[in-house]
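Report on the structure
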Amino acid sequence: MRGIIFSILGGAFITLQGVANAQISQQLGTWQAATLTQFTGFLMALMILLIVRDGNRQGFKQIKPLYLMSGSFAAIIIYSEVTAIHQIGITFTISALLIAQLCLTFLIDTQGWFDVPKRKMNLPQFIGIAMMVAGVVILKF
Amino acid sequence: MILGIMLALIAGSLVSLQNIFNSKVNEYTGSWSTTTLVLGMGFVASFVIGLMVEGTQLFALQNLQVWHMLSGLTGVGVVICLVQGMKRLNPTYSIAIVLTSQLVTALMWDSFGWLGVEKIPFTLNKLLGVIVIVGGILVFKFGESKQRSVSSSK
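Given the structure is predicted, the values throughout are model-derived calculations rather than measurements.

**Comments concerning unusual backbone geometry**
Residue and element names in this part refer to chain A. If you check the backbone angles, aspartate 115 has positive phi at about 60 degrees while not being a glycine. Mapping aspartate 115 onto the fold places it in the loop between α5 (90-111) and α6 (123-140). The exposure class assigned to aspartate 115 is exposed, which follows from its relative accessible area of 53%.

Listed below in C-alpha cells is the structure:
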C-alpha cells in the first residue's frame, strides 16, 4: 500500500515540477527558472547526501562520461517542457512527452543500445503505443 | 501547436535517455549521489546556456518569490517517492502507477487551474483521452517480456 502511495506521489511530483517551472518562467524567464530550480534542488540533494552518505565515491570512476553528463539534459528538457506547457497546456504536453519517452526507451531496449540488455518487441507494446496515440487524438477533439 | 508538440516530444526523448543514463550511474554509486550529480549537472548546463542566451539578464530576479526557491524541492520529492515506490513494488507496477499519476495530475491541474495556471475547461473528451492513454500504458508495461522486468529492479 505504501508503495502505491509513494508511486502516486512520485508521478504527481513530476507533473508539479513541470507546472512550477512553467509558472516561474512567466515571472522570471525560462532560463532563470531552470537555473534556479536545478540549483535549489542540487543544494537540497547535496545536504541529504552529506547526511546519508550512500554509495561509494570510487564508483564514479568506472562510469562513462556520457552517463555522468546526462544531468545536463535537464536544461533542454525544462526549456522544452515549459515552452510546450505554455503553448498546448499541461495534459497535452505530459501526454506527448510520455509517448516519446516510452517509445524511445522501448527502441533502446529492443536494440540493446547503451549496453542495455536486449528485450524482444511484443504485440502488446504496439497495441499500447497505438492506444496512447489514439488517446492523444481524443484529447484534442 | 506543432511547435508545442515537437518540444514535448524532444523533452520526452531526453527524459528517456536521462533515465537510462542515470540508472547506470545509480548502479555504481547510490541514489543520493546520483541525484546530487544529476541536479548539479542540470544547474551548470542551465546556467551556462542561460548566460549565453540572456547575458546578465540571467541575474535579474526582481520578481523572485520564496516559493520559487522551494520548487527545486520537487526534484528531491520525485527521487524519494520513486526510490521508495520501486523498493516496495514490482518495478512494472510502480512505473505504471507513476505514469498514470502524472497524467491524472496533469488533467486535474489544467481543469482546476492550480498555482495560477490558465484553466483549460474539463470535458468528457479529455477524460476519455486520458483513460485511453492510461489503458495504453498498462497494456504496454504489463505486456513486456518477463526476462528483463525480473532481472533489473531499478
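Resuming the write-up.
**Let's talk about the side chain of Lys24(B)**
Locating Lys24(B) in the fold gives a position in helix α1 (residues 2-28). Within the structure, the side chain of Lys24(B) is placed 3.2 Å from the backbone oxygen of Asp115(A), a separation counted as a polar contact. What Lys24(B) contacts, discounting residues up to four positions off in sequence, is Tyr67(A), Phe114(A), Asp115(A) and Val116(A).

**Concerning the packing of helix α2 (residues 31-54) of chain B against helix α4 (residues 73-88) of chain B**
Residue and element names in this part refer to chain B. Contact geometry for α2 and α4: axes closest at 11 Å, N-to-C directions at 150 degrees. Regarding the angle of α2 to α4, the classification is roughly antiparallel. Along this stretch, α2 crosses α4, giving a crossing that reads as right-handed. On α4, the residues touching Ser31, Trp32 and Thr35 of α2 are Val76, Val79, Ile80 and Val83.

**A short note on α2(B)**
Between the first and last C-alpha of α2(B) there are 33 Å, a value that for 24 residues agrees with the 34 Å anticipated at 1.5 Å per step. One or two residues past the end of α2(B) sits Gly55(B), with phi positive at roughly 65 degrees.

**A look at the interface of chain A and chain B**
Every contact between the two is made by 102 residues of chain A and, on the other side, 101 residues of chain B. When the two sides are added together, the surface that chain A and chain B hide from each other amounts to roughly 9300 Å², 74% of it contributed by carbon and sulfur. Here Glu144(B) and Arg119(A) are joined by a salt bridge, their closest N and O atoms 3.6 Å apart. The interface formed by chain A and chain B includes 29 residue pairs in polar contact (both at pLDDT 80 or more). For the side of chain A that touches chain B, the secondary structure elements donating two or more residues are α1 (2-28), α2 (30-52), α3 (65-69), α4 (73-88), α5 and α6 of chain A. With 21 residues, α1(A) is the single largest residue contributor to the side of chain A that touches chain B. Taken together, the residues of the side of chain A that touches chain B sort by class into 60 nonpolar, 34 polar and eight charged.

**Details of the packing of aromatic side chains**
Summed over all chains, the structure comprises eleven aromatic pairs over all chains. Centroid distance Phe106(A) to Phe140(B): 5.2 Å. Interplanar angle 70 degrees. Geometry classified as edge-to-face. With Phe106(A) in helix α5 and Phe140(B) in helix α6 (residues 124-142), this residue pair bridges two chains. Summarising the burial analysis for this pair, Phe106(A) and Phe140(B) share the class buried.

**Looking at the domain arrangement of chain A**
Residue and element names in this part refer to chain A. What the domain assignment reports for chain A is domain 1 (1-86) and domain 2 (89-141). Measuring from the centre of the C-alpha atoms in domain 1 to the corresponding centre in domain 2 gives 22 Å. At the junction of the two partners, domain 1 supplies eight residues and domain 2 supplies seven residues. Each partner contributes to the roughly 620 Å² buried at the junction of domain 1 and domain 2, and carbon and sulfur atoms together form 66% of this total. Three residues stand out in domain 1 for area buried against domain 2, namely Tyr67, Glu81 and Ile85, and they jointly supply 54% of the buried area on that side. For the pair domain 1 and domain 2, the interface holds one salt bridge. Inspection of the domain 1/domain 2 interface yields five residue pairs in polar contact (both at pLDDT 80 or more). Mapped onto the side of domain 1 that touches domain 2, the elements with two or more residues apiece are α1, α3 and α4. Per-element tally for the side of domain 1 that touches domain 2: the top contributor is α4, with three residues.

Thresholds applied
Residues numbered from 1 in each chain as written. Chains lettered and ligands numbered in written order. Predicted model: local features only at pLDDT ≥ 70, side-chain atom pairs only at ≥ 80, totals over all residues. Heavy atoms only, no water. Helix = DSSP H or I, 4+ residues; strand = E, 2+ residues; numbered from the N terminus. Buried < 20%, exposed > 50% of the residue type's maximum accessible area, 1.4 Å probe, protein only. Polar contact = N/O pair within 3.5 Å; in protein donor to acceptor, adjacent residues only side chain to side chain. Contact = heavy atoms within 4.5 Å. Axes fitted to C-alpha atoms, helices over the stretch in contact; angles between N-to-C directions. Parallel < 35°, antiparallel > 145°, perpendicular 65-115°, else oblique. Left-handed = near helix turned anticlockwise from the far one by under 90°. Expected span 1.5 Å × (residues − 1). Buried area = accessible area lost by both parts, 1.4 Å probe. Salt bridge = Lys/Arg side-chain N within 4 Å of Asp/Glu carboxyl O. Nonpolar A, V, L, I, M, F, W, Y, C, P; charged D, E, K, R; others polar. Phe/Tyr/Trp six-rings, centres within 6.5 Å; stacked < 30°, edge-to-face > 60°. Domains from an automatic or database assignment.

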